[in-house]
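Structural description and commentary
Okay, here's what each chain looks like letter by letter:
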Amino acid sequence: MLRIGLTGGIAAGKSVVARRLADRGAVLVDSDVLARAAVAPGSDGLAAVVAAFGPEILDADGSLDRPALGRLVFADAAARERLNAIVHPRVGAAAAALIGGAPEGAVVVEDIPLLVETGQAPRFHLVVVVDAPDTLRIDRMVDRRGMERADAERRIAAQASRHDRLRAADAVLVNDRGVEELLAATDTLWETRIVPYRDNLAGGRPADRGVARPTAGLAGTLGLLDRVRAKLDAVLPPGCRVLPEEGPQGAPGAVREDARDDVREDRVRAAVRVVVPPAADPAAASDAVTRAGFPPDGPTGAGGTPSTASHRAADPAVDVTVTVVPEPASA
Ligand SMILES: CC(C)(COP(=O)(O)OP(=O)(O)OC[C@H]1O[C@@H](n2cnc3c(N)ncnc32)[C@H](O)[C@@H]1O)[C@@H](O)C(=O)NCCC(=O)NCCS
Ligand SMILES: Nc1ncnc2c1ncn2[C@@H]1O[C@H](COP(=O)(O)OP(=O)(O)OP(=O)(O)O)[C@@H](O)[C@H]1O
């Protein structure tokens, strides 16, 4: 199963991308839909919201007055926290149930507006960020959703900055032109990256070396090394350390945050070493590395000590090597 986290600021165009990915065959799990279900009439979630915010947050028919609650929570960070604490765990449980029912070889896309804010990026094979300038997003909210400009600005202020979201992105879809362009970029992402990534994971093999890399705009832009380390840290047994390899590909700073197209190679290459402490099992560490999206690249022990395992990314857009080594016994 290839797990994709789809995110973007409000009105960036996530729903457009999500629908297209579902049309192409992905299993879609929509957090906004689950968040609505979590506070549906008669739910324990709605009872908890009423307990926290009072009955004046209900409509005459007993359902949640969403505009009223929105006005309240987007003007008050503490109130927003209280609402999030009620809704987010329920959304998480409902999402887990849906994902548990997805077929083994599926591409599962979780559309999560607050993916970065809630620190969930590392649990995905691929984080896809739909990005658009704030001014464009405000115009869309005002023109298409009839929102007051000040309300739109407050919602943007309640979310992660564009910069923080882009740091978490493995792939970026820029939505600053028409919907047709966004759909075409989504199709290219599906065909050149998602499908081969899914097939590589299912086959337990890394991406082919030397295949054409997906084109500009589809690779993440910032901090590849950090993203790889976070994905590995999220799954490795306790005590394992993820270190950048020495040398130009893995050295700290080699992934240039100001990288532009002319130095794109820096953005798509990284090399890390997983050091497994004596208390942990190197085979379990290798399995975890595989699950995170880095299958074995040849048999364990090839070219190193007997228990050294080489892994490489199944994602065809990046060239990431992960070497799993037992910690040398201390003298
Ligand atoms: C405050 C509520 C009632 C307002 O409802 P409304 O129908 O006006 O908006 P809707 O739910 O369609 O959300 C629209 C967009 O607002 C943004 N947004 C919603 N909740 C939040 C939040 N807690 N923090 C930041 N942005 C948010 C997202 O970009 C979302 O896609 C509602 O958004 C809500 O219950 N929010 C808390 C749950 C939540 O975090 N949902 C987001 C995904 S889990
Ligand atoms: N490139 C575009 N040009 C014009 N309108 C667009 C474009 N992309 C999206 N839209 C419109 O802007 C609005 C917001 O898009 P969409 O609903 O996909 O955003 P979203 O990221 O899912 O928002 P939310 O966070 O509120 O769920 C929609 O009305 C959509 O049709």
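Residues numbered from 1 in each chain as written. Chains lettered and ligands numbered in written order. Predicted model: local features only at pLDDT ≥ 70, side-chain atom pairs only at ≥ 80, totals over all residues. Heavy atoms only, no water.

Named according to an unreviewed UniProt entry, the protein chain is Dephospho-CoA kinase originating from Arthrobacter pityocampae. In UniProt, the protein chain has this text filed under Function (unreviewed entry): "Catalyzes the phosphorylation of the 3'-hydroxyl group of dephosphocoenzyme A to form coenzyme A." (UniProt positions renumbered as here; feature names shortened; annotations may be inferred.)

**What to know about the site of ligand 2**
Near ligand 2 you find 16 residues, and of these K14, S15, R145, N175 and R177 are the closest. Residue V179 places a main-chain N or O atom 3.5 Å away from a nitrogen atom belonging to ligand 2. When ligand 2 is considered free in solution it has 630 Å² of accessible area, and contact with the protein chains removes 82% of it. Looking at side-chain class alone, the shell around ligand 2 contains five nonpolar, five polar and six charged residues. (Near = heavy atom within 4 Å. Polar contact = N/O pair within 3.5 Å; in protein donor to acceptor, adjacent residues only side chain to side chain. Areas by Shrake-Rupley, 256 points an atom, 1.4 Å probe, with all protein chains shown as cover. Nonpolar A, V, L, I, M, F, W, Y, C, P; charged D, E, K, R; others polar.)

**What about the UniProt feature "binding site: ATP" (unreviewed entry) in the protein chain?**
This chain's UniProt record puts "binding site: ATP" (unreviewed entry) on A11, A12, G13, K14, S15 and V16. Tracing the chain through its elements places G13 in the loop between strand 1 (2–7) and helix 1 (14–23). The residues contacting G13, other than those within four sequence positions of it, are V130, R140, N175 and L182. By the secondary structure assignment, S15 is in helix 1. (Helix = DSSP H or I, 4+ residues; strand = E, 2+ residues; numbered from the N terminus. Contact = heavy atoms within 4.5 Å.)

**Some words on the sheet that holds strand 5 (residues 171–174)**
Sheets are built from strands paired through backbone hydrogen bonds, the pairs being either parallel or antiparallel. On the basis of which strands lie adjacent, the open sheet formed by five strands has the order 2-3-1-4-5 and parallel pairing. Of all strands in the sheet, those bounded by a partner on one side alone are strand 2 (27–30) and strand 5. Each neighbouring strand pair of the sheet contributes to a mean axis angle of 20°, computed without reference to strand direction. Examined bridge by bridge, strand 1 and strand 4 (residues 126–131) share four bridges and lie parallel to one another. The residue of strand 4 that forms the bridge with L6 is V128. (Pairing = 2+ DSSP bridges. Axes fitted to C-alpha atoms, helices over the stretch in contact; angles between N-to-C directions.)

**A look at the site of ligand 1**
In the vicinity of ligand 1 lie 19 residues, with D32, R36, R66, N84 and H88 positioned nearest. Measuring from a nitrogen atom of ligand 1, one finds a side-chain N or O atom of N84 at 2.8 Å. Coverage of ligand 1 by the protein amounts to 90% of the 760 Å² it exposes when considered alone. Those elements giving two or more residues to the shell around ligand 1 turn out to be helix 2 (31–38), helix 4 (66–73) and helix 5 (77–100). Sorting elements by how many residues they give to the shell around ligand 1 places helix 5 first, with five residues. In terms of residue class, the shell around ligand 1 is built from nine nonpolar, five polar and five charged.

**As for the pairing of strand 4**
With six of six residues buried, strand 4 is to be regarded as a mostly interior element. In strand 4, alternate side chains face the same way, and those of L126, V128 and V130 on one face and V127, V129 and D131 on the other are all buried. Relative to strand 5, strand 4 is paired through four bridges, and the arrangement is parallel. Its bridge partner being in strand 5, V129 is matched across the sheet by V172. (Buried < 20%, exposed > 50% of the residue type's maximum accessible area, 1.4 Å probe, protein only.)

**Focus: helix 4**
Among all positions in helix 4, only A68, L69, G70 and V73 are buried. Looking at the buried positions of helix 4, the neighbouring elements they touch are helix 3 (44–53) and helix 5.

**Concerning helix 12 (residues 282–291)**
Along helix 12, the residues that are buried comprise A285, S286, A288 and V289. Projected down its long axis, helix 12 carries its buried residues within an arc of 160°, all on one side. Buried positions along helix 12 lie against helix 10 (224–233), strand 7 (269–276), strand 8 (309–312) and strand 9 (319–326). The residue sitting at the N-terminus of helix 12 and contributing the capping side-chain oxygen is D281; that oxygen lies 3.0 Å from the backbone nitrogen of A283. Immediately beyond the C-terminal end of helix 12, within one or two residues, lies G293, with a positive phi of roughly 115°. (Arc of directions from axis to C-beta.)

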